[in-house]
Amino acid sequence: MKGDQELQVIVQQGKELNPTVQDEINSVGNNQTGVPHSNIYKRWLRVIAYTFFVISGQSVAAILGRLYYDNGGKSKWLATVVQLVGFPVLLPYHLLSIKTHATTHTDSKAASPRNRVLVYVVLGVLVGAGCYLYSIGLLYLPVSTFSLICASQLAFNAFFSYFLNSQKLTPIILNSLLLLTISSTLLAFNNEESNFKKVTRGQYVTSFICTIGASAGYGLSLSLQQLAFSAFRKVLKRQTFSEVMDLIIYVNLVASCVSLVGLFASGEWKTLSSEMNSYKLGKVSYVMNLVWTAVIWQVFNVGGTGLIFELSSLFSNAISALGLPVVPVLAVIIFHDKMNGLKVISMILAIWGFMSYVYQHYLDDKNLKKSIGISTEESSDPSEAEGSSGQKIQTSAS
């Protein structure tokens, strides 16, 4: 009983357990009766794959976005569109997953189509607006500075998760948020000039504010995604990865429509032909840059949303923050960005903040497994006691 109470307290203080986490809990109990650890291994293999998708996807996508602007690309709305329109490449895998993984619904309830549409529309508009702000931020900021400012999305995500997902804010988490906030704030006082063109102070501040706003929107969208998964879980007995794919595809569909409306309403579509003709690396490179940017962003989306499904929105964002130091290093090598002392301090604080969060996640996971073990052992005691007393009765009867 004490173990069950401890487990209940942890769940209430933290967040609702994902179905995959619940499967791991069940498998822990079953392992004590001889069931293999296959479920746990498969789950963590998925987590590793999603982590690779997030880190590699955001690094390559940021470099391709900077490459687009450096070689003559000027359309902010086109840079937004390519972040979103690549979702059709996921349709074949989505159709295959539907055939191979069946989802069981409750007998009397079904997921409301109206609620699903509302979730997709709200998230789609939010994601589309966030991608546009990111495009403005990358236009006037060096990619190394841009990526370090993006570390603030973890702080925003923790803030929104506290209210929307009942995320517990421990002293270690608060320390992580403070470090990430200071890390981004330091870059506001960075007086560097970009190597590829002259950037005014006003343009730098505009890009800085837009990147902060985009990070806040991204943190909010991740918390809302986790909230949506929790809501869907109430009407589904078992949730599969097809739910993840549905969310990615439909949200990107709505966000793509929003960005396309912006592209045509702004009139930027009229200059795309001349932009392609004047692109420094040629027309083929122009098209290939846009195509691969669209594909890579979908790889990132699969990894990020998959981590939300497996663990939490805050963990997904933390993994995204883990890949941030990769981008400045690549930017120094490829674009010859200056890595001054302020950037180095900002990077160290960002990594420190990320490691603080990882350590808190490790402590939570350790306490959860400890409570599960206590609960399992105590739940097995009554049956053992009953069996031993039964043996005594049979002995005395004989």
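Residues numbered from 1 in each chain as written. Predicted model: local features only at pLDDT ≥ 70, side-chain atom pairs only at ≥ 80, totals over all residues. Heavy atoms only, no water.

J.: Whenever I open this one, the overall build of the protein chain confuses me. Can you help?
T.: The number of helices and strands found in the protein chain is 16 helices and zero strands. Evaluated residue by residue, the protein chain yields a buried proportion of 49% over its 398 residues. Across the protein chain, every contact between residues at least 6 apart in sequence was considered, and the portion connecting residues at least 24 apart equals 86%. In the structure as shown, the protein chain presents an accessible area of about 19,300 Å², 67% of it carried by carbon and sulfur atoms. (Helix = DSSP H or I, 4+ residues; strand = E, 2+ residues; numbered from the N terminus. Buried < 20%, exposed > 50% of the residue type's maximum accessible area, 1.4 Å probe, protein only. Contact = heavy atoms within 4.5 Å. Areas by Shrake-Rupley, 256 points an atom, 1.4 Å probe, with all protein chains shown as cover.)

J.: Would you mind showing me how to read the packing of helix H3 (residues 38–70) against helix H13 (residues 283–310) here?
T.: Geometry of a packed helix pair, given as the angle between the helix axes and the separation of the axes. Following both chains from N to C, one finds H3 and H13 inclined at 150°, their axes separated by 7 Å at the closest point. Between H3 and H13, the crossing angle belongs to the class labelled roughly antiparallel. Judged by the sense of rotation from one axis to the other, the crossing of H3 with H13 is left-handed. The residue inventory of the contact of H3 with H13, partitioned by class, reads 18 nonpolar, eight polar and three charged. (Axes fitted to C-alpha atoms, helices over the stretch in contact; angles between N-to-C directions. Parallel < 35°, antiparallel > 145°, perpendicular 65-115°, else oblique. Left-handed = near helix turned anticlockwise from the far one by under 90°. Nonpolar A, V, L, I, M, F, W, Y, C, P; charged D, E, K, R; others polar.)

J.: Help me understand the nonpolar core in this model?
T.: The tendency in soluble globular proteins is for nonpolar side chains to be buried as a group. Core analysis: the biggest nonpolar cluster contains 71 residues, and Tyr 68, Leu 78, Val 143, Tyr 286, Leu 307 and Phe 315 have the highest contact counts within it. Here Val 143 is in contact with Ala 62, Arg 66, Leu 138, Val 327, Ala 331, Phe 335 and Asp 337, once residues within four sequence places are set aside. (Core = buried A, V, L, I, M, F, W, Y, C linked by side-chain atoms within 4.5 Å.)

J.: Just checking my understanding: could you explain the pattern of salt bridges for this structure?
T.: For side chains bearing opposite charge, pairing can occur when the charged atoms are close. Counting across every chain of the model gives two salt bridges. As a salt-bridge pair, Asp 70 and Arg 66 come within 3.0 Å of each other at their nearest N and O atoms. Of this pair, Asp 70 and Arg 66 both sit in helix H3, four residues apart, which is roughly one turn of that helix. Residues Asp 70 and Arg 66 agree in their burial class; the two are buried. For the salt bridge of Lys 76 with Glu 268, the shortest nitrogen-to-oxygen distance reads 3.9 Å. One end of the pair, Lys 76, is in helix H4 (residues 76–81); the other, Glu 268, is in the loop between helix H11 (241–266) and helix H12 (272–277), with 192 residues separating them in the sequence. (Salt bridge = Lys/Arg side-chain N within 4 Å of Asp/Glu carboxyl O.)

J.: Looking at this model, I keep getting lost on the packing of aromatic side chains. Mind explaining?
T.: Any two aromatic rings considered together are summarised by their centre-to-centre distance and by the angle between their planes. On inspection of all chains with the given rule, the structure shows 13 aromatic pairs. With 5.1 Å between their ring centres and 70° between their planes, Tyr 279 and Tyr 286 make a pair best called edge-to-face. Under the relative-accessibility criterion, Tyr 286 is labelled buried at 4%. (Phe/Tyr/Trp six-rings, centres within 6.5 Å; stacked < 30°, edge-to-face > 60°.)

J.: What is the right way to look at helix H9 (residues 171–186) in this model?
T.: Every α-helix carries 3.6 residues per turn, so stepping three or four residues along brings you back to the same face. Between its first and last C-alpha atoms H9 spans 22 Å; for 16 residues at 1.5 Å apiece the expected length is 22 Å, and the two agree. For H9, the set of buried residues is Ile 173, Ser 176, Leu 177, Leu 179, Leu 180, Ser 183 and Ser 184. The buried residues of H9 occupy an angular sector of 165° when the element is viewed end-on, so they sit on one face. (Expected span 1.5 Å × (residues − 1). Arc of directions from axis to C-beta.)

J.: Help me out: how do you make sense of the packing of H3 against helix H15 (residues 326–334) in this one?
T.: Packing of H3 against H15 leaves a shortest axis separation of 10 Å and a crossing angle of 35°. Judged by the sense of rotation from one axis to the other, the crossing of H3 with H15 is right-handed. Taking contact as the criterion, the partners of Ser 59, Ala 62 and Ile 63 in H3 are, on H15, Val 326, Val 327, Leu 330, Ala 331 and Ile 334.

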